Amino acid sequence: MFSGPPADPATPGMPSAPAAPGMPAAAVSAQTGDAPCGGDRAEGPSGQPAGRSWTTPLLLCAAGVLALLMALFGPGLMARGTGELRIPGAGLTTVLRTVQFAALALHLGELLAPQLIRPVRGRPRTTVRSWAVAASVAGAAAAAGQIVRLAAVSDLGITETYGTREGGLLLLIANGLVLAAICAASRRPALALAPLALVIGAEALRAHPEAYSPEFGAALTVVHLTAASLWTGGLLYVLRTMWLWRGSPVAARALLGRYARQAIWLYVALAATGTVSALRRLPLDVVFTSAYGRTLLVKLALMAVVSVLAVAARRRMLRDADPSVAHLLARREQVVLGLVVVVSAVLTVVPDPHWISMR
């Protein structure tokens, strides 16, 4: 099913297609792949270069700073006044797990999105640059950083840390991401599915060390984490491709439509597994008085924003032939999804709420 980036339908060495009467040269250039990828300046309706817009970079920088602050200080803020035990190095752990989750999403997204691109008729021959290798290497480094942090907190040597349950699972995650990076750099990048599945399974087991039915909780996390990664990473790859195809609005609109149809099923899987996991892990009497409950409420609020943006983008896509407005809404959806990834990392760090409920 997954076989890496789509093949170039154009034959090397063939001359570029001539411009049709009345068609701007920039449109032909974009359709044949001669336009620069992701340039800083876009052409306006008159063909003259439009002014540089700083709105999007500023918003992305603001979202990045907010995400970092949420990761560093989120666990402490959520646990303030709850009486729960303080988790040593919770902020650093959250940052490392955010990088790990983001790496998993980027790599899985690059394996899913090309399957949506291939059937698009009249698509340009250009493809976005792969980030899979860099993402998986960063994820492996983040997992290794968690091992070092665990060793320091536990006052154990690195070798002894490998012998613990969490240390062994983190080592499995790090090795799996390294293998995924090697597969991504090979001629058969789809082979990365196997080590990525291993990573998801190990993370699901690591996230559910509790004594009450951990197997069921791990199975829910496998489905939840897979759907979340495909949604987040797939959307990013689609948005990058749509920007590259901005000279071919018909193909860009068709691609976004194909992604939206797949995202519906991912959303259903996320909602179902998330609801069951929340009911299973969070006692109702500590929803507002536990760090887990408060963090979960923040995540639900962000997911509500994501849902509104996704529905709005789909409606504009069905209404307008020009996908620019839908693309803008989907970009905002992607930014909020990035914050959801950070909050999800916080959820894996805060204490189990059953302790405060029994107390």
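Quick notes on the rules
- Residues numbered from 1 in each chain as written.
- Predicted model: local features only at pLDDT ≥ 70, side-chain atom pairs only at ≥ 80, totals over all residues.
- Heavy atoms only, no water.
- Helix = DSSP H or I, 4+ residues; strand = E, 2+ residues; numbered from the N terminus.
- Buried < 20%, exposed > 50% of the residue type's maximum accessible area, 1.4 Å probe, protein only.
- Contact = heavy atoms within 4.5 Å.
- Patch = residues over 30% accessible without salt bridge, like charges linked within 9 Å, V, L, I, M, F, W, Y side chains within 5 Å.
- Areas by Shrake-Rupley, 256 points an atom, 1.4 Å probe, with all protein chains shown as cover.
- Salt bridge = Lys/Arg side-chain N within 4 Å of Asp/Glu carboxyl O.
- Phe/Tyr/Trp six-rings, centres within 6.5 Å; stacked < 30°, edge-to-face > 60°.
- Lys NZ or Arg CZ within 6 Å of the ring centre and 35° of its normal.
- Expected span 1.5 Å × (residues − 1).
- Core = buried A, V, L, I, M, F, W, Y, C linked by side-chain atoms within 4.5 Å.
- Axes fitted to C-alpha atoms, helices over the stretch in contact; angles between N-to-C directions.
- Parallel < 35°, antiparallel > 145°, perpendicular 65-115°, else oblique.
- Left-handed = near helix turned anticlockwise from the far one by under 90°.
- Nonpolar A, V, L, I, M, F, W, Y, C, P; charged D, E, K, R; others polar.
- Polar contact = N/O pair within 3.5 Å; in protein donor to acceptor, adjacent residues only side chain to side chain.
- Bend = angle between axes of the 7 residues up to and from the residue.
- pLDDT = per-residue confidence, 0-100.

Trainee: So, the overall build of the protein chain: which residues are in play, and what are the values?
Mentor: Looking only at helices and strands, the protein chain features 12 helices and 0 strands. The 359 residues of the protein chain split such that 44% are buried. When contacts within the protein chain are restricted to residue pairs at least 6 apart in sequence, long-range pairs at least 24 apart make up 78% of them.

Trainee: So, a nonpolar patch on the surface: which residues are in play, and what are the values?
Mentor: On the surface, a cluster of nonpolar side chains totalling about 550 Å² of accessible area is made up of Val65, Leu68, Leu69, Leu72, Phe73 and Leu77. Along the chain, phenylalanine 73 falls in helix α2 (residues 55–79).

Trainee: Tell me about the pattern of salt bridges, and name the residues and values.
Mentor: Counted under the stated rule, the structure contains 5 salt bridges. Measuring nitrogen to oxygen at the nearest pair gives 3.0 Å for the salt bridge that ties glutamate 166 to arginine 97. Taken together, the residues glutamate 166 in helix α6 (residues 165–185) and arginine 97 in helix α3 (residues 90–117) connect sequence positions 69 residues apart. You can call glutamate 166 partly exposed: its relative accessible area is 25%.

Trainee: Tell me about the packing of aromatic side chains, residues and numbers included.
Mentor: Scanning the model with the defined rule gives 1 aromatic pair in all. Between the NZ or CZ atom of arginine 240 and the centre of the ring of tryptophan 131, over which it lies, the distance is 3.6 Å.

Trainee: Give me the lowdown on the environment of leucine 191, citing residues and values where you can.
Mentor: Considering the arrangement of structural elements, one finds leucine 191 in the loop between α6 and α7 (193–206). Measuring from C-alpha to C-alpha, the distance between leucine 191 and alanine 180 comes to 7.7 Å, with 11 residues separating the pair along the chain.

Trainee: Give a detailed account of helix α11 (residues 324–347), specifying residues and quantitative values.
Mentor: The end-to-end C-alpha distance of α11, which contains 24 residues, comes to 35 Å, matching closely the 34 Å that a straight helix rising 1.5 Å per residue would cover. Among the 24 residues that make up α11, 17 are buried, leaving the element largely enclosed by the rest of the structure.

Trainee: I'd like to hear about the nonpolar core, residue by residue, with values.
Mentor: If you look at soluble globular proteins, the nonpolar side chains tend to sit buried side by side. Among the nonpolar cores identified, the biggest contains 64 residues, and Leu196, Trp231, Val238, Trp245 and Leu255 are the most heavily contacted of them. Contact partners of tryptophan 231, with chain neighbours within four places excluded, come to Tyr259, Ala263, Leu266, Tyr267, Leu270, Met303, Val306, Glu333 and Leu337. Core analysis: the second largest hydrophobic core is formed by 10 residues, Leu282, Leu296, Val346 and Leu347 among them.

Trainee: Hey, could you go over the packing of α3 against helix α4 (residues 132–154) for me, with residue numbers and the actual values?
Mentor: The description of two packed helices rests on the angle between their axes and on the distance between the axes. At their nearest, the axes of α3 and α4 sit 8 Å apart, and the two run at 155 degrees to each other. Regarding the angle of α3 to α4, the classification is roughly antiparallel. In the packing of α3 onto α4, the handedness of the crossing is left-handed. Residue-level inspection shows Leu92, Thr93, Leu96, Arg97, Val99, Gln100, Ala103, Leu106, His107 and Glu110 of α3 in contact with α4, the latter providing Ala132, Ala135, Ser136, Ala138, Gly139, Ala142, Ala143, Gly145, Gln146 and Arg149. Of the residues in the contact of α3 with α4, the class split is 10 nonpolar, 7 polar and 3 charged.

Trainee: Break down the environment of aspartate 320 for me, citing the residues and quoting the values.
Mentor: Along the polypeptide, aspartate 320 turns up in the loop between α10 (291–319) and α11. C-alpha separation for the pair aspartate 320 and arginine 253, spaced 67 residues apart in sequence, amounts to 9.3 Å. A polar contact is formed between the side chain of aspartate 320 and the side chain of arginine 316, at a distance of 2.8 Å.

Trainee: Kindly report on the side chain of serine 290, identifying the contributing residues and their values.
Mentor: Mapped onto the elements, serine 290 comes out in the loop between α9 (249–281) and α10. Within the structure, serine 290 has its side chain in polar contact with the backbone nitrogen of glycine 293 (distance 3.1 Å).

Trainee: Run through α3, naming residues and quoting values.
Mentor: With 28 residues, α3 should cover 40 Å at 1.5 Å per step; its first-to-last C-alpha distance of 40 Å lies within 8% of that length. Of all bends in α3, the biggest is about 30 degrees, found at glutamate 110, and the proline proline 114 comes one to four residues later. Across the 28 residues that make up α3, a large majority, 23, are buried.

Trainee: Describe the confidence of the model for the protein chain, naming the residues involved and giving the relevant values.
Mentor: Confidence along the protein chain averages 82 in pLDDT terms, with 82% of residues attaining 70 or more. Within the protein chain, the lowest mean pLDDT, 38, falls on helix α1 (residues 25–31), and the highest, 95, falls on α6. Predicted confidence is poor over residues 1–51, with pLDDT under 50, and the contacts of this stretch with residues over four places away or in other chains come to 67 contacts.

Trainee: Lay out the side chain of glutamate 203 with the relevant residues and their values.
Mentor: Positionally, glutamate 203 belongs in helix α7. The buried category is assigned to glutamate 203, whose relative accessible area is 3%. Side chain to side chain, glutamate 203 and arginine 206 meet in a polar contact 3.0 Å long. Those residues in contact with glutamate 203, other than ones at most four positions away along the chain, are Gln100, Phe101, Ile173, Leu225 and Thr348.

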